[in-house]
Every structure is written in C-alpha cells, then in structure tokens.
Amino acid sequence: MAQQASTPPAEVAGIPVNYDEMKVGTYTLPDPLIFSNGKPVIGAKNWYNKRRPELIRLFEENEYGRAPGRPAGLHFDVFEKAGTAFNGKAIRRQVTIHFSKDDSGPKADLLIYLPAASQKPASMLLNLSFSANSSTIDDPGIKPGEIWGRDHKREPAPKTGIGHLDPLPFLEQGIGVATMYYGDIEPDFDGGLPKGVRALYLKPGQSKPAADEWGAIGAWAWGLSRAMDYLESDQGVDAKHVAILGISRLGKTVLWAGAQDTRFAMVIASCSGEGGAALSRRNYGETIAHLTAPSRYPYQFCAKYAKYAQHPEQMPVDANELVALIAPRPLMLQTGSTDFWSDPKGEFLAAVSAGKVYRMLGKPGLETEQMPVAGEPILNPLGYLVHSGGHGTVPSDWPVFLKFMQLYLGK
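Residues numbered from 1 in each chain as written. Predicted model: local features only at pLDDT ≥ 70, side-chain atom pairs only at ≥ 80, totals over all residues. Heavy atoms only, no water.

### So, the overall build of the protein chain
Next up, step 1: Assigned secondary structure in the protein chain consists of 10 helices and 13 strands.
Next up, step 2: By the compact-globule yardstick of 22 Å for 411 residues, the protein chain fits well, its C-alpha radius of gyration being 20 Å.
Next up, step 3: With respect to the principal axes defined by its C-alpha atoms, the protein chain has extents near 55 × 50 × 50 Å.
Next up, step 4: With 411 residues in all, the protein chain has 58% of them scored as buried.
Next up, step 5: Within the protein chain, counting contacts between residues at least 6 apart in sequence, those at least 24 apart form 68% of the total.
Next up, step 6: Accessible area for the protein chain stands at about 16800 Å²; split by element, carbon and sulfur atoms hold 52% of it.
Next up, step 7: Taking the average location of the 42 positive side-chain charges in the protein chain and that of its 43 negative ones, the two points are 5 Å from each other. (Helix = DSSP H or I, 4+ residues; strand = E, 2+ residues; numbered from the N terminus. Rg over C-alpha atoms; globule rule 2.2 N^0.38 Å. Buried < 20%, exposed > 50% of the residue type's maximum accessible area, 1.4 Å probe, protein only. Contact = heavy atoms within 4.5 Å. Areas by Shrake-Rupley, 256 points an atom, 1.4 Å probe, with all protein chains shown as cover. Lys, Arg positive; Asp, Glu negative; His and termini not counted. Charge placed at Lys NZ, Arg CZ, Asp CG, Glu CD.)

See below:
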C-alpha cells in the first residue's frame, strides 16, 4: 500500500514543511537512561521498576493520553470456531469482542487464521487494519464488514480495501495471522468520540476527554490489548508470541500499544513518522504542529500534545524514548526511502538513541550509526528496514517481516 506524491507538499494546513537536512536545526534529545530529576538509571531493575513507569506516565500525560484498563464487562462471542480456509491450510476463527456488557455497545470483529497442520499453539501476527476484515483478506468465508463512510456513518465495506494482507506465507511457516478493523474500536474523524469506545468512559456531563486523557490512537492501542485479552483465552494461540503490525497512524498505534502492554512479544511499525518513531525535535517533514492543526488530527492525541506544536523541545519525551519502551522485545521499524513526510532518517536516529536501553537489557540495538540503503534490513532485535519507495508497505517488506518473526518468535 505504498504511495507517495512525486513532489512532497511544501505547506500543510498553512504550515511550511522542511525537507532540507541543512535546515533541520540543532536539538538535544532527552536521554532514556536519565530520570526526570537528572539522576542516571542504573541497571535493569532501576529501568523496569522506576524509569520505565516514569516514561509511560510522561507519554500518557503529554502525547497519547491516559487510558483505562480491561473493562469489567468485556466479553467475546466466538461466532465461528473452526472454519476451513485456503484449501484446508488454515482454520478460520471469527470473534466479536464486546467492549462492555451491553451487546449493542461498541464492538470489534477479530478474524483469526491458525495453521491447520500445526500440532501446537501458534505464534501470531496481529494486524490492525484500515479496512474491514472482509476487505483486508481475500476469503469468501469472512463475515461481511462495515466501515465508516465519508458521511461519518457506517456502511457496507467494499470488496477490497486499503492494506491487503496475504496470510498464506505466514501460515505455511506455522505462524497464525489475525486482523481487526481500527474503525470498529474508534472512528478516525474529528467528532467521532460519541461513536467509539472512549464514549464508554465519559463522566456524566463530560463531552470530551480531559487534556491528558486518551485520543483516538490511545483508543486503538487499547483495542489491541482487548484483542490480546481474547488471544490469551484461545488454546490454539501461543499468546506469549504475538507480534503486532500497523501502518502509518496505525504504526504509531502499535508502538504505543507495545510500549504500554508488554504482553505483545514483538512490534512491527510501518512508516509511523511524527507521533510515532520519528524524532519530534528534528524539524523535518511532518511536525507536531502539522499533526495537531485543527483541520488535521488533533483528536488522535491527548489535547495537551498541541501545547508543544511550536516548541517540541519543551516536550519532556521524544520518539527515542518511545522506541526504548519496547526494549528488550524485538521491534522492526520499516520506512520508505522517499517518504520524506514521515522522516525515515528521524526514525533511524530515534532507534540509534534507543539502542543503549536494548544493550543495557542484554540485547543488541541497531549497532550502527550509518543508515542502511534501501532493501538491506538490519535484523537485530532492534531492527530497521527502508524500502525503495514511499509511504506504507511494498511487497518486498513482507518476507522481511516473516523472517523477523521467525528469528525472534520461532515457528
């Protein structure tokens, strides 16, 4: 689904965009191994018990917002338990996740394929999709889905959508594949709050989240954790070996989901850019000001995030620390060589900085400060892949994702 304008926009939402390395400016990154009070983090125990929770709190308060935990009324309807798919190569499972005890409230359909030949629980790739399940995977047995239309109302999903996914290469290697539509969790438009999961948590008389409460990205990440709640209950799934994958704003989402919820064993974030793995202090491509402009995506973040639009250097955290929060679990950052808007170099530099946390926790970081050329992935536990082309994924990325999973999650 890679796509990129031949000439990147010079101005977005009335705000100039810089693509010149000479105009990036100087900046100092916050150190993931320095506490907010200036004291150093000493050892893994210090990281896990104190610094990591401190960073989570800072990202909650300043970027993604605070989210609730598992809802008491969460329940699952497994409406297809053992369908046959792909000429007998897969067992298809379809589940409705109800986010409250009220079945008429917000809910999401989770589509799961398990390798039919496997004699043991399967590791899993959990994909968060821009499209309904029936538009994401070519399988006539999938329940017809719905999406949010341009009029902000639910409508039948088209036959094909954005982000087609082929489960077969993974299934043939003994890896299961699951997908869910992000719009089932929370609509992706300003004013969508009453129609998504965040509405379940508004207090009486409250019409919008507080300045440090969750935006849509926080809601989508929360929905992934609810999918994990189901996967832990499924005996066909090895819930200790679940990787999550998302592209663009859903790349931001899987990074935040993986940072908060350590049950996810691996994160694969495609072109997450600003608000994801790209450094905010680096003035290149999209910035906080572009993201939080009223005509664009302020609803995806907590309201306080916009405070840093003109002064990203004042933000107490940056993307290098978001990347570090995945450590020591495997993380693949995938970018595109011409995706200037998402700043692939900014993602690479964030990973370089986060490497010190991986190393402290006993795993290699990138182990280089030289950005690789397109098509030559770094396959360390902290990995990086840049393809030749623009935003999103291209066919050559998927074998790398599969290899990464085989290296660190096994079959």
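There is more to say after this.
### Details of the pairing of strand β12 (residues 331-336)
Next up, step 1: Taking burial as the measure, the 6 residues of β12 include 6 buried ones, the bulk of the element.
Next up, step 2: Residues of β12 alternate between two faces, with Leu331, Leu333 and Thr335 on one and Met332, Gln334 and Gly336 on the opposite face, all of them buried.
Next up, step 3: Two strands pair when backbone bridges link them, and strand β11 (residues 266-270) and β12 are joined in this way by 4 bridges, in the parallel orientation. Within β12, the residue paired with Ile268 across the bridge is Met332.
Next up, step 4: Two strands pair when backbone bridges link them, and β12 and strand β13 (residues 382-387) are joined in this way by 6 bridges, in the parallel orientation. (Pairing = 2+ DSSP bridges.)

### Thoughts on the pattern of salt bridges
Next up, step 1: Throughout the structure, instances matching the rule amount to 26 salt bridges.
Next up, step 2: In this structure, the salt-bridge partner of Asp184 is Arg154, at a minimum N-O distance of 2.9 Å. Note that Asp184 is positioned in helix α4 (residues 182-185) and Arg154 in strand β8 (residues 154-156), a separation of 30 residues in sequence.
Next up, step 3: Judged by relative accessible area, Asp184 falls into the buried class, the value being 13%.
Next up, step 4: Residues participating in the shared-partner salt-bridge network are Arg70, Arg226, Asp229, Glu232, Asp261 and Arg263. (Salt bridge = Lys/Arg side-chain N within 4 Å of Asp/Glu carboxyl O.)

### Some points on unusual backbone geometry
Next up, step 1: The omega torsion of the bond from Ala327 to Pro328 falls at 0 degrees, within 30 degrees of zero and hence cis.
Next up, step 2: Unlike most non-glycine residues, Phe86 shows phi in positive territory, near 55 degrees.
Next up, step 3: One can find Phe86 in the loop between β3 (75-85) and β4 (90-98).
Next up, step 4: You will see that Ser248, though not glycine, has its phi angle at about 65 degrees, which is positive.
Next up, step 5: Examined against the element boundaries, Ser248 turns out to sit in the loop between β10 (237-247) and α6 (249-260).
Next up, step 6: Taking relative accessible area as the criterion, Ser248 reaches 17% and is therefore assigned buried.

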